[in-house]
Amino acid sequence: MFQMTKLHHNFQLTKASAFGFVFLLPTSFLALFLLVLLACNGFSVFYINLPVPAKSSPEPANFLPEILPGDKTVTKLSSSSPVMYAVKEENPPLVSKTHTPLLQKPNVSMAARPKRHRSSHQQTLKTLHLEAKTKGFSSKIKGFFQNSNCKPRFFMTWISSLHSLGDRELLAIESVFKSHPKACLVIVSNTLDSKMGNIVLKPFFDKGFKLIAVSPDFDFVFKNTDAESWFNRLKKGNVDPGGVSLGQNLSNLLRLALLYKYGGVYIDTDVIVLKSFNHLRNAIGAQSINVQTKSWSRLNNAVLVFDKQHLLLFEFIREFALTFDGNKWGHNGPYLVSRVVERVANRPGFNFTVMPPSAFYPVDWSRIRTLFRGPNDRDHSEWLHRKLEEIRRRSYAVHLWNRQSRKVRVQQGSIVHHIISDCCIFCNSSTSSSL
């Protein structure tokens, strides 16, 4: 009897516990839900969402089909210009693995930059030979010209590694001497101003061509121009270099400053010279023209011909310093010269000519691959022959638009194959196919 009473008592306790658990279960879930909600609210309060600037896509170029007749002439051409330049610029923003930027992009944050970032930035400048002055830049060039007795004078700038200096760039150098055998060539470059650089250039030395490679002194070249203050702010980290290669943008400025200081002709290293520039003076080339008006619609800065301290160069440099934008491809290059020329074209005191596309850009970037293709039938062969003769007759140079044609092979019988034969000095079939 006692055991039955005890069993009944235990049953009642178990029953009460079960009812209590079931009764409290919703309350427990409610408490857990409130706890999770409180945790989420606390996380949202203390979480900081730092905005990441969106990557600006390159501004698309609105190129028109080439129209050979007609150009927007400001003044007539006159006598020859004594100095020529060249610098590598990649058309749209493509930075190769071997590309060595002239200046590393500084860290930019929403908060104030810590001092250690400034120290790191200054160390980067020293490493890239930007802050420390290059000894003897001015005296080396002056001495070279005085001792060489050459005419005309060419300048080239190479901002990449020696490994990335290919057959195309070497052909550009060959084309300069092929069309101007008595010329002097100064290559402004850190990498070519070295023992290995001398080995690369040795074939030209052995042929007796007047050639020198010298490391740049940006402070000297930019001095007494608006580029000087802009570059000083850049070195201090007070200019946002943007997403476009800073080396490319510096080359856009460097060519203007070199021409302003020395005068002459500037060409890109993917521009092949076809004939003498001696009769060009104070000229810039149109890349495309308006079909209806026959006036230029876009200029390009791959070829520039200007006297020393020309007023238009002054305006180009000022525009660069005042409107620099490192996030838009072409803004500091082709678009810059286009908007400045459009603004000053009718002002007194400016003396220059806009050359038609046929002068330097006989084929635009969208069709450049057609120059690399050999004939596939009789009609195509005849078209290639007519186009080649037209280029030989009307063009001073051909821009190969590196980004679009870099990986394109040169086919036998193509227009580029014939141009190589016309312009090469160290001619061989392997170079033709690998260009």
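Note that the structure is a prediction, hence the values are computed from the model and not measured.

> I'm lost on the overall build of the protein chain in this one. Help?
Secondary structure summary: the protein chain contains 15 helices and 10 strands in total. Taking as baseline every contact in the protein chain between residues at least 6 positions apart, the subset at least 24 positions apart corresponds to 83%. Accessible surface, the protein chain as shown: approximately 22700 Å² in total, 58% of it carbon and sulfur.

> In this structure, what is going on with the state of the cysteines? I would like to understand it.
In protein structure, a disulfide is the covalent linkage between the sulfur atoms of two cysteines. Under the criterion given, the structure shown has two disulfides. Across the disulfide from Cys150 sits Cys184; the S-S distance is 1.6 Å. Its S-S torsion of about -110° marks the bond between Cys150 and Cys184 as left-handed, since a negative value means left-handed. With Cys150 in the loop between helix H3 (137-148) and strand E2 (153-157) and Cys184 in strand E3 (residues 184-188), this residue pair connects regions lying 34 residues apart in the sequence. Among the residues examined, Cys150 registers a relative accessible area of 12% and is labelled buried. Taking the relative accessible area as the measure of exposure, Cys184 reaches 0% and is therefore buried. The partner cysteine of Cys424 in its disulfide is Cys427, sulfur to sulfur 1.7 Å. Disulfide Cys424 to Cys427: torsion about the S-S bond roughly 105°, handedness right-handed. The class of Cys424 is buried, set by a relative accessible area of 6%. Counting only the cysteines that form disulfides, in the order they appear in the protein chain, gives the pairing 1-2, 3-4.

> Help me understand the pattern of salt bridges, please; the structure alone is not making it clear to me.
Oppositely charged side chains can form a pair if their charged atoms are brought close together. Scanning all chains against the criterion turns up 13 salt bridges. Close ionic contact of Lys387 with Glu390 constitutes a salt bridge, the shortest N to O distance being 3.3 Å. Residue Lys387 and its partner Glu390 are both found in helix H12 (residues 378-394); the two are separated by three residues, about one turn of the helix. Like Lys387, the residue Glu390 is buried in the burial classification. A salt bridge links Asp422 to Arg392; the nearest nitrogen and oxygen atoms lie 2.9 Å apart. Residue Asp422 is found in helix H14 (residues 415-423), and its partner Arg392 is found in helix H12; the two are separated by 30 residues along the sequence. Overall, the relative accessible area of 35% leaves Asp422 in the partly exposed class.

> Any chance you could explain the nonpolar core here in plain terms?
The tendency in soluble globular proteins is for nonpolar side chains to be buried as a group. Counting residues in hydrophobic clusters, the biggest one holds 55 residues, and the most contacted among them are Ile187, Phe277, Phe360 and Leu371. Element by element, the count of residues in this core is highest for helix H4 (residues 167-179), at six residues.

> Where do I start with the environment of Thr157 in this structure?
By secondary structure assignment, the location of Thr157 is in strand E2. Using a relative accessible area of 4% as the deciding quantity, one classes Thr157 as buried. Sequence separation between Thr157 and Val186 is 29 residues; the distance between their C-alpha atoms is 8.3 Å.

> For this particular structure, what's the right way to read the packing of H12 against H14?
Between two packed helices, both the angle of their axes relative to each other and the distance between the axes serve to describe the pair. Put simply, H12 and H14 touch, their axes get as near as 10 Å, and they point 40° apart. The orientation of H12 with respect to H14, classified from their angle, is oblique. Every pair of crossing elements has a handedness; the one defined by H12 and H14 is right-handed. Across from Trp383, Leu384, Lys387, Leu388, Ile391 and Arg392 in H12, the residues of H14 making contact are Ile415, His418, Ile419 and Asp422. Classifying every residue of the contact of H12 with H14 by side-chain character gives six nonpolar, one polar and three charged.

> Just to check I follow, could you spell out empty space enclosed by the protein for this structure?
Here the idea is plain: a probe the size of a water molecule rolls over the atoms and shows the empty space left. Scanning the entire structure with this criterion turns up four cavities of 30 Å³ or more. If you add up the space inside the second largest cavity, you get close to 50 Å³. Lining of the second largest cavity is provided by Met156, Trp158, Leu165, Glu169, Ile173, Ile187, Leu192 and Thr269. Residue composition of the lining of the second largest cavity, grouped by class: six nonpolar, one polar and one charged.

> Sorry if this is basic, but what is going on with unusual backbone geometry here?
Residues apart from glycine generally show negative phi values, whereas peptide bonds are mostly found in trans. The amide bond that connects Lys151 to the next residue, Pro152, takes the cis arrangement and shows omega of -5°. Looking at where Pro152 falls in the secondary structure, it is placed in the loop between H3 and E2. One non-glycine residue with positive phi stands out, namely Asn282, at about 50°. Within the secondary structure, Asn282 sits in the loop between strand E6 (271-273) and strand E7 (283-289).

> Is there a simple way to think about the packing of aromatic side chains in this case?
Here a ring pair, both rings aromatic, is described through the centre-centre distance and the interplanar angle of the planes. On inspection of all chains with the given rule, the structure shows 20 aromatic pairs. Note on Phe204 and Phe426: the rings are 5.2 Å apart at their centroids and 85° apart in plane angle, and the pair reads as edge-to-face. With Phe204 in helix H5 (residues 195-206) and Phe426 in the loop between H14 and helix H15 (429-434), this residue pair connects regions lying 222 residues apart in the sequence. Looking at Phe204, the relative accessible area reads 2%, which means it is buried. Residue Phe426 is classed as partly exposed on the basis of its relative accessible area of 25%. Taken together through their ring pairs, the aromatic side chains of Phe277, Phe360, Tyr361, Tyr396 and Trp401 make up a single cluster. Looking at Arg153, its charged tip hangs above the ring of Phe145, at a distance of 4.2 Å from the centre. Between the NZ or CZ atom of Lys275 and the centre of the ring of Tyr396, over which it lies, the distance is 5.7 Å.

> Sorry, what's going on with the pairing of E7 here?
For a regular strand, side chains alternate in direction, first toward one face of the sheet and then toward the other. Of all seven residues in E7, seven are buried, a share of seventy percent or more. Bridge analysis of E7 against strand E8 (residues 296-306) gives six bridges, and the strand direction is antiparallel. Looking across to E8, one finds that Ile289 is bridged to Trp296. The hairpin formed by E7 and E8 contains six residues between the paired strands, and Lys294 there has a positive phi angle of roughly 65°. Bridging between E7 and strand E9 (residues 353-355) involves three bridges; their strand directions are parallel. Paired with Ala283 across the strands is Thr353, a residue of E9.

Definitions and cut-offs
Residues numbered from 1 in each chain as written. Predicted model: local features only at pLDDT ≥ 70, side-chain atom pairs only at ≥ 80, totals over all residues. Heavy atoms only, no water. Helix = DSSP H or I, 4+ residues; strand = E, 2+ residues; numbered from the N terminus. Contact = heavy atoms within 4.5 Å. Areas by Shrake-Rupley, 256 points an atom, 1.4 Å probe, with all protein chains shown as cover. Disulfide = S-S within 2.5 Å. Buried < 20%, exposed > 50% of the residue type's maximum accessible area, 1.4 Å probe, protein only. Salt bridge = Lys/Arg side-chain N within 4 Å of Asp/Glu carboxyl O. Core = buried A, V, L, I, M, F, W, Y, C linked by side-chain atoms within 4.5 Å. Axes fitted to C-alpha atoms, helices over the stretch in contact; angles between N-to-C directions. Parallel < 35°, antiparallel > 145°, perpendicular 65-115°, else oblique. Left-handed = near helix turned anticlockwise from the far one by under 90°. Nonpolar A, V, L, I, M, F, W, Y, C, P; charged D, E, K, R; others polar. 1 Å grid on protein atoms, 1.4 Å probe; cavity = no way out; pocket = protein on both sides within 12 Å on 5 of 7 lines; lining within 4 Å. Points joined across faces, edges and corners; volume = space filled by probe spheres on them. Phe/Tyr/Trp six-rings, centres within 6.5 Å; stacked < 30°, edge-to-face > 60°. Lys NZ or Arg CZ within 6 Å of the ring centre and 35° of its normal. Pairing = 2+ DSSP bridges.

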